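Listed below, chain by chain, are the residues.
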Amino acid sequence: MPATIDLHCHSTISDGLYPPEELVAYAHKQGVKVLALTDHDDMGGLVAARKAAEQHGMQFINGVEISVTWKKRTLHIVGLKVDPEYAPLKTALDAVRQGRLDRAKLMAEGLEKAGIEGCFEGAQKIAGDSILTRSHFARFLVEAGHVKNVKTVFKKYLVKGKPGFVEHQWMSLEKCVTLIKDSGGAAVIAHPGRYDLGRINMHLLMHEFRGYGGEAIEVVTGSHNPPQYEQFATIAHRFSLKASLGSDYHGPGISYMEMGCISELPPSCVPIWQDWDEAKHLNVEAS
Ligand code: AMP
Ligand code: MN
Ligand code: MN
Ligand code: MN
(Lines give C-alpha, C1' and ligand atoms only; values in the text may rest on other atoms or scores of the structure.)
(Ligands and ions follow the chains in the order given, each with its own letter.)
Protein backbone atom coordinates (compact mmCIF):
# COMPACT_ATOMS: atom_id res chain seq x y z
CA MET A 1 0.00 0.00 0.00
CA PRO A 2 1.38 3.44 -0.88
CA ALA A 3 1.54 6.13 1.81
CA THR A 4 -1.49 8.44 2.09
CA ILE A 5 0.66 11.30 3.39
CA ASP A 6 2.85 13.45 1.13
CA LEU A 7 4.92 16.23 2.69
CA HIS A 8 6.77 17.60 -0.35
CA CYS A 9 5.39 18.89 -3.67
CA HIS A 10 5.40 21.96 -5.92
CA SER A 11 2.80 24.19 -7.58
CA THR A 12 3.04 26.98 -10.17
CA ILE A 13 4.06 29.29 -7.32
CA SER A 14 7.53 27.79 -7.90
CA ASP A 15 8.42 25.23 -10.60
CA GLY A 16 5.42 22.89 -10.52
CA LEU A 17 2.98 22.66 -13.43
CA TYR A 18 -0.36 22.77 -11.55
CA PRO A 19 -1.72 25.82 -9.71
CA PRO A 20 -2.17 25.13 -5.95
CA GLU A 21 -5.91 24.30 -6.20
CA GLU A 22 -5.38 21.88 -9.08
CA LEU A 23 -2.41 20.25 -7.39
CA VAL A 24 -4.52 19.60 -4.28
CA ALA A 25 -7.37 18.22 -6.40
CA TYR A 26 -4.89 15.93 -8.16
CA ALA A 27 -3.44 14.74 -4.84
CA HIS A 28 -6.97 13.98 -3.65
CA LYS A 29 -7.68 11.99 -6.82
CA GLN A 30 -4.46 10.04 -6.24
CA GLY A 31 -5.54 9.04 -2.72
CA VAL A 32 -3.45 11.47 -0.64
CA LYS A 33 -5.12 12.35 2.67
CA VAL A 34 -2.50 14.59 4.33
CA LEU A 35 -0.65 16.98 2.04
CA ALA A 36 2.01 19.68 2.50
CA LEU A 37 2.69 22.16 -0.30
CA THR A 38 6.40 23.04 -0.27
CA ASP A 39 7.17 25.52 -3.03
CA HIS A 40 10.75 26.72 -3.45
CA ASP A 41 11.39 29.88 -1.40
CA ASP A 42 7.75 31.00 -1.55
CA MET A 43 4.72 30.52 0.71
CA GLY A 44 2.32 32.29 -1.68
CA GLY A 45 0.28 29.17 -2.54
CA LEU A 46 -0.58 28.06 0.98
CA VAL A 47 -3.87 29.91 1.50
CA ALA A 48 -5.40 28.68 -1.78
CA ALA A 49 -4.08 25.16 -1.27
CA ARG A 50 -5.49 24.95 2.26
CA LYS A 51 -8.89 26.14 1.07
CA ALA A 52 -8.91 23.51 -1.67
CA ALA A 53 -7.79 20.81 0.77
CA GLU A 54 -10.68 21.68 3.11
CA GLN A 55 -13.12 21.36 0.20
CA HIS A 56 -11.78 17.88 -0.53
CA GLY A 57 -11.84 16.81 3.13
CA MET A 58 -8.04 16.52 3.23
CA GLN A 59 -5.65 17.59 5.97
CA PHE A 60 -3.29 20.35 4.86
CA ILE A 61 0.16 21.25 6.21
CA ASN A 62 1.79 24.62 5.48
CA GLY A 63 5.20 24.07 3.93
CA VAL A 64 8.11 25.65 2.07
CA GLU A 65 11.37 24.35 0.55
CA ILE A 66 14.19 26.77 1.23
CA SER A 67 17.45 26.94 -0.75
CA VAL A 68 20.51 26.97 1.49
CA THR A 69 24.27 27.18 0.97
CA TRP A 70 26.30 24.89 3.21
CA LYS A 71 30.02 24.30 2.60
CA LYS A 72 29.69 25.79 -0.90
CA ARG A 73 26.93 23.36 -1.80
CA THR A 74 23.25 24.01 -2.36
CA LEU A 75 20.98 22.10 -0.01
CA HIS A 76 17.21 22.19 0.33
CA ILE A 77 15.52 22.45 3.70
CA VAL A 78 11.80 21.80 3.93
CA GLY A 79 9.88 23.73 6.59
CA LEU A 80 6.67 22.03 7.73
CA LYS A 81 3.94 23.73 9.77
CA VAL A 82 5.56 27.10 9.16
CA ASP A 83 3.54 30.25 9.77
CA PRO A 84 3.20 32.06 6.42
CA GLU A 85 2.51 35.30 8.28
CA TYR A 86 5.71 35.19 10.37
CA ALA A 87 7.37 38.44 9.22
CA PRO A 88 11.07 37.49 9.59
CA LEU A 89 10.54 34.38 7.44
CA LYS A 90 8.55 36.34 4.84
CA THR A 91 11.23 39.02 4.64
CA ALA A 92 14.03 36.46 4.34
CA LEU A 93 12.20 34.67 1.51
CA ASP A 94 11.61 38.02 -0.27
CA ALA A 95 15.40 38.44 -0.27
CA VAL A 96 15.96 34.89 -1.60
CA ARG A 97 13.56 35.57 -4.46
CA GLN A 98 15.36 38.83 -5.30
CA GLY A 99 18.60 36.80 -5.32
CA ARG A 100 16.97 34.38 -7.78
CA LEU A 101 16.28 37.26 -10.15
CA ASP A 102 19.91 38.43 -10.00
CA ARG A 103 21.11 34.86 -10.50
CA ALA A 104 18.80 34.39 -13.50
CA LYS A 105 20.33 37.45 -15.21
CA LEU A 106 23.82 36.00 -14.74
CA MET A 107 22.65 32.59 -15.98
CA ALA A 108 21.29 34.23 -19.13
CA GLU A 109 24.61 36.05 -19.65
CA GLY A 110 26.46 32.76 -19.43
CA LEU A 111 24.11 31.12 -21.90
CA GLU A 112 24.42 34.09 -24.26
CA LYS A 113 28.20 33.65 -24.28
CA ALA A 114 27.54 30.04 -25.30
CA GLY A 115 25.49 31.34 -28.24
CA ILE A 116 21.96 31.06 -26.85
CA GLU A 117 20.12 34.37 -26.78
CA GLY A 118 16.98 35.56 -25.06
CA CYS A 119 17.05 33.11 -22.15
CA PHE A 120 16.15 35.58 -19.41
CA GLU A 121 13.07 36.84 -21.24
CA GLY A 122 12.18 33.32 -22.38
CA ALA A 123 12.44 31.79 -18.92
CA GLN A 124 10.57 34.71 -17.38
CA LYS A 125 7.75 34.34 -19.90
CA ILE A 126 7.37 30.68 -18.98
CA ALA A 127 7.58 31.46 -15.26
CA GLY A 128 4.93 34.21 -15.45
CA ASP A 129 4.20 35.14 -11.83
CA SER A 130 6.18 32.16 -10.48
CA ILE A 131 9.63 32.49 -8.98
CA LEU A 132 12.44 32.02 -11.51
CA THR A 133 14.16 28.64 -11.29
CA ARG A 134 16.52 26.59 -13.40
CA SER A 135 13.50 24.49 -14.37
CA HIS A 136 12.03 27.50 -16.21
CA PHE A 137 15.30 27.99 -18.10
CA ALA A 138 15.27 24.29 -18.96
CA ARG A 139 11.72 24.43 -20.25
CA PHE A 140 12.55 27.50 -22.36
CA LEU A 141 15.59 25.80 -23.92
CA VAL A 142 13.47 22.78 -24.84
CA GLU A 143 10.56 24.84 -26.19
CA ALA A 144 12.94 27.01 -28.25
CA GLY A 145 14.33 23.82 -29.81
CA HIS A 146 17.90 24.07 -28.43
CA VAL A 147 17.79 20.75 -26.56
CA LYS A 148 15.47 17.74 -26.80
CA ASN A 149 14.45 17.37 -23.17
CA VAL A 150 14.73 18.95 -19.73
CA LYS A 151 17.06 16.29 -18.35
CA THR A 152 19.58 16.94 -21.14
CA VAL A 153 19.38 20.72 -20.65
CA PHE A 154 20.44 20.33 -17.03
CA LYS A 155 23.34 18.10 -17.98
CA LYS A 156 24.57 20.28 -20.84
CA TYR A 157 23.85 23.77 -19.56
CA LEU A 158 22.64 24.16 -15.99
CA VAL A 159 24.92 22.23 -13.66
CA LYS A 160 28.32 23.12 -12.22
CA GLY A 161 30.93 23.77 -14.92
CA LYS A 162 28.31 24.42 -17.64
CA PRO A 163 27.58 27.81 -19.30
CA GLY A 164 24.26 28.50 -17.56
CA PHE A 165 25.45 27.59 -14.07
CA VAL A 166 26.06 30.39 -11.58
CA GLU A 167 27.52 29.93 -8.11
CA HIS A 168 24.95 31.50 -5.85
CA GLN A 169 24.92 32.35 -2.18
CA TRP A 170 21.63 31.15 -0.70
CA MET A 171 20.52 31.41 2.92
CA SER A 172 22.77 29.92 5.62
CA LEU A 173 21.71 26.63 7.21
CA GLU A 174 21.62 28.17 10.67
CA LYS A 175 19.41 31.07 9.61
CA CYS A 176 17.08 28.78 7.68
CA VAL A 177 16.55 26.31 10.52
CA THR A 178 16.15 29.13 13.04
CA LEU A 179 13.54 30.96 10.93
CA ILE A 180 11.53 27.78 10.39
CA LYS A 181 11.64 26.93 14.09
CA ASP A 182 10.83 30.46 15.22
CA SER A 183 7.80 30.51 12.93
CA GLY A 184 6.50 27.47 14.79
CA GLY A 185 7.58 24.93 12.16
CA ALA A 186 9.82 21.89 11.89
CA ALA A 187 12.95 21.84 9.69
CA VAL A 188 13.59 18.81 7.50
CA ILE A 189 16.60 18.06 5.27
CA ALA A 190 15.14 17.42 1.81
CA HIS A 191 16.36 14.46 -0.29
CA PRO A 192 19.74 14.03 1.49
CA GLY A 193 20.72 11.30 -0.99
CA ARG A 194 20.91 13.85 -3.78
CA TYR A 195 23.77 15.86 -2.36
CA ASP A 196 27.29 15.11 -3.39
CA LEU A 197 28.51 14.69 0.19
CA GLY A 198 30.92 12.03 1.37
CA ARG A 199 30.22 10.10 4.56
CA ILE A 200 32.10 12.54 6.77
CA ASN A 201 30.35 15.65 5.46
CA MET A 202 26.97 13.89 5.53
CA HIS A 203 27.46 13.13 9.21
CA LEU A 204 28.74 16.64 9.87
CA LEU A 205 25.61 18.04 8.19
CA MET A 206 23.31 15.89 10.34
CA HIS A 207 25.17 16.92 13.47
CA GLU A 208 25.13 20.63 12.66
CA PHE A 209 21.49 20.55 11.55
CA ARG A 210 20.47 18.82 14.79
CA GLY A 211 22.47 21.38 16.74
CA TYR A 212 20.50 24.26 15.19
CA GLY A 213 17.24 22.56 16.13
CA GLY A 214 16.50 20.65 12.90
CA GLU A 215 14.04 17.82 13.49
CA ALA A 216 13.96 15.39 10.58
CA ILE A 217 15.35 14.18 7.27
CA GLU A 218 13.47 12.93 4.25
CA VAL A 219 13.95 9.17 4.30
CA VAL A 220 11.42 8.30 1.61
CA THR A 221 11.39 10.79 -1.28
CA GLY A 222 10.86 10.61 -5.02
CA SER A 223 14.59 11.10 -5.48
CA HIS A 224 15.74 8.20 -3.27
CA ASN A 225 15.83 4.56 -4.36
CA PRO A 226 14.71 1.80 -1.92
CA PRO A 227 18.25 1.01 -0.64
CA GLN A 228 18.54 4.71 0.22
CA TYR A 229 15.32 4.48 2.30
CA GLU A 230 17.17 2.05 4.56
CA GLN A 231 20.42 4.02 4.46
CA PHE A 232 18.74 7.24 5.58
CA ALA A 233 16.50 5.48 8.11
CA THR A 234 19.73 4.33 9.77
CA ILE A 235 21.24 7.82 9.63
CA ALA A 236 18.06 9.36 11.10
CA HIS A 237 18.16 6.89 13.98
CA ARG A 238 21.86 7.50 14.61
CA PHE A 239 21.40 11.28 14.85
CA SER A 240 18.06 11.14 16.74
CA LEU A 241 16.24 12.74 13.84
CA LYS A 242 12.67 11.97 12.82
CA ALA A 243 11.79 10.86 9.31
CA SER A 244 9.75 12.60 6.64
CA LEU A 245 8.22 11.40 3.41
CA GLY A 246 7.31 13.25 0.19
CA SER A 247 7.05 12.67 -3.54
CA ASP A 248 8.62 16.02 -4.60
CA TYR A 249 5.95 15.97 -7.29
CA HIS A 250 6.24 18.81 -9.85
CA GLY A 251 3.65 17.80 -12.46
CA PRO A 252 3.27 15.36 -15.35
CA GLY A 253 6.49 14.57 -17.17
CA ILE A 254 8.85 16.53 -14.91
CA SER A 255 8.60 14.64 -11.61
CA TYR A 256 10.80 12.20 -9.78
CA MET A 257 7.74 10.24 -8.76
CA GLU A 258 4.00 10.16 -9.39
CA MET A 259 1.82 11.60 -6.63
CA GLY A 260 0.06 8.98 -4.49
CA CYS A 261 2.51 6.18 -5.34
CA ILE A 262 5.19 6.65 -2.71
CA SER A 263 6.20 3.93 -0.23
CA GLU A 264 5.57 4.10 3.49
CA LEU A 265 8.46 4.90 5.86
CA PRO A 266 10.51 1.91 7.01
CA PRO A 267 9.02 0.70 10.33
CA SER A 268 12.15 1.67 12.29
CA CYS A 269 11.55 5.40 11.62
CA VAL A 270 9.94 7.91 13.94
CA PRO A 271 7.58 9.84 11.63
CA ILE A 272 7.79 13.64 11.75
CA TRP A 273 3.96 13.61 11.99
CA GLN A 274 4.01 11.45 15.14
CA ASP A 275 2.38 14.13 17.31
CA TRP A 276 0.40 15.99 14.67
CA ASP A 277 -3.37 16.29 15.02
CA GLU A 278 -3.64 16.37 11.22
CA ALA A 279 -2.13 12.90 10.97
CA LYS A 280 -3.75 11.27 14.02
CA HIS A 281 -5.71 8.82 11.86
CA LEU A 282 -2.46 7.69 10.18
CA ASN A 283 -0.82 6.95 13.51
CA VAL A 284 -3.88 4.98 14.62
CA GLU A 285 -3.89 3.00 11.36
CA ALA A 286 -0.17 2.28 11.77
CA SER A 287 -0.38 1.08 15.36
P1 AMP B 1 16.87 26.08 -8.73
O2 AMP B 1 16.29 26.07 -7.34
O3 AMP B 1 16.50 27.31 -9.51
O4 AMP B 1 18.34 25.80 -8.76
O5 AMP B 1 16.15 24.91 -9.53
C6 AMP B 1 16.22 23.65 -9.02
C7 AMP B 1 15.08 22.82 -9.56
O8 AMP B 1 15.44 22.31 -10.84
C9 AMP B 1 14.85 21.60 -8.71
O10 AMP B 1 13.96 21.87 -7.69
C11 AMP B 1 14.28 20.61 -9.67
O12 AMP B 1 12.90 20.83 -9.78
C13 AMP B 1 14.93 20.98 -10.97
N14 AMP B 1 16.11 20.11 -11.30
C15 AMP B 1 17.32 20.11 -10.71
N16 AMP B 1 18.13 19.21 -11.29
C17 AMP B 1 17.41 18.65 -12.28
C18 AMP B 1 17.69 17.65 -13.27
N19 AMP B 1 18.88 17.07 -13.35
N20 AMP B 1 16.70 17.31 -14.14
C21 AMP B 1 15.48 17.91 -14.06
N22 AMP B 1 15.16 18.86 -13.16
C23 AMP B 1 16.10 19.22 -12.29
MN1 MN C 1 11.86 22.11 -8.19
MN1 MN D 1 14.66 20.03 -3.66
MN1 MN E 1 11.22 19.95 -4.07
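Not measured: the values here are computed from a predicted model.

Colleague: Please clarify how the overall build of the chain should be interpreted in this entry.
Modeller: Counting secondary structure elements, the chain contains ten helices and eight strands. Radius of gyration (C-alpha) of the chain: 18 Å, near the 19 Å computed for a compact globule of 287 residues. Counting only C-alpha atoms and orienting by the principal axes, one finds that the chain spans roughly 60 × 45 × 40 Å. The proportion of buried residues among the 287 residues of the chain is 54%. Across the chain, every contact between residues at least 6 apart in sequence was considered, and the portion connecting residues at least 24 apart equals 71%. Charged side chains of the chain number 31 positive and 34 negative; the gap between the two group centres comes to 6 Å.

Colleague: How should the site of ligand 1 be read in this particular structure?
Modeller: Surrounding ligand 1, one finds Asp15, His40, Arg100, Arg103, Thr133, Arg134, Ser135, Val150, Phe154, His250 and Tyr256. One of the side-chain nitrogen or oxygen atoms of Arg100 is found 2.8 Å away from an oxygen atom of ligand 1. Arg134 is positioned with one of its side-chain polar atoms (N or O) 2.7 Å from an oxygen atom of ligand 1. Protein burial of ligand 1: of its 500 Å² of free accessible surface, 80% is covered by the chains. Residue assignment for the shell around ligand 1 shows that the elements contributing at least two residues are α3 (87–113), α5 (134–143) and α6 (150–158).

Colleague: Even after reading the chapter, I still don't get the coordination of the manganese ion (ligand 2), so can you show me in this structure?
Modeller: Ideal values for angles at a metal depend on the geometry: 109.5 degrees with four tetrahedral donors, 90 or 180 degrees with six octahedral donors. Distances from the manganese ion (ligand 2) to its protein donors, Asp15 (OD), Asp15 (OD), His40 (NE2) and His250 (NE2), fall within 2.1 to 2.8 Å. Here the manganese ion (ligand 2) binds six donor atoms, and the angle range of 51 to 150° at the metal identifies the geometry as irregular. Sequence spacing of the donor residues for the manganese ion (ligand 2), all on one chain, is D-x24-H-x209-H. Distance-wise, the manganese ion (ligand 3) is placed 5.7 Å from the manganese ion (ligand 2). Of this pair, Asp15 sits in the loop between β1 (5–6) and α1 (20–29) while His40 sits in the loop between β2 (34–37) and α2 (46–55), placing them 25 residues apart in sequence. The two residues Asp15 and His40 agree in class, both being buried.

Colleague: When you look at the pairing of strand β6 (residues 186–189) in this model, what are you seeing that I'm missing?
Modeller: Side-chain positions along a regular strand alternate between the two faces of the sheet. Of the two faces of β6, the one holding Ala186 and Val188 and the one holding Ala187 and Ile189 are both buried throughout. Judged from the four bridges that link them, strand β4 (residues 73–80) and β6 form a sheet pairing that is antiparallel. Along β6, the bridge assignment pairs Ile77 with Ile189. One ladder, built from two bridges, connects β6 with strand β7 (residues 216–221); its direction is parallel. Across the sheet, the residue bridging to Val188 is Ala216, located in β7. Handedness of the β6-helix α8 (residues 199–211)-β7 crossover: right-handed.

Conventions used here
- Residues numbered from 1 in each chain as written.
- Chains lettered and ligands numbered in written order.
- Predicted model: local features only at pLDDT ≥ 70, side-chain atom pairs only at ≥ 80, totals over all residues.
- Heavy atoms only, no water.
- Helix = DSSP H or I, 4+ residues; strand = E, 2+ residues; numbered from the N terminus.
- Rg over C-alpha atoms; globule rule 2.2 N^0.38 Å.
- Buried < 20%, exposed > 50% of the residue type's maximum accessible area, 1.4 Å probe, protein only.
- Contact = heavy atoms within 4.5 Å.
- Lys, Arg positive; Asp, Glu negative; His and termini not counted.
- Charge placed at Lys NZ, Arg CZ, Asp CG, Glu CD.
- Near = heavy atom within 4 Å.
- Polar contact = N/O pair within 3.5 Å; in protein donor to acceptor, adjacent residues only side chain to side chain.
- Areas by Shrake-Rupley, 256 points an atom, 1.4 Å probe, with all protein chains shown as cover.
- Donors = N, O, S within 2.8 Å, 3.2 Å for Na, K, Ca; no water.
- Tetrahedral: all angles 85-135°; square planar, octahedral: opposite > 155°, others 65-115°.
- Pairing = 2+ DSSP bridges.
- Right-handed = clockwise from strand over helix to strand, strands pointing away.

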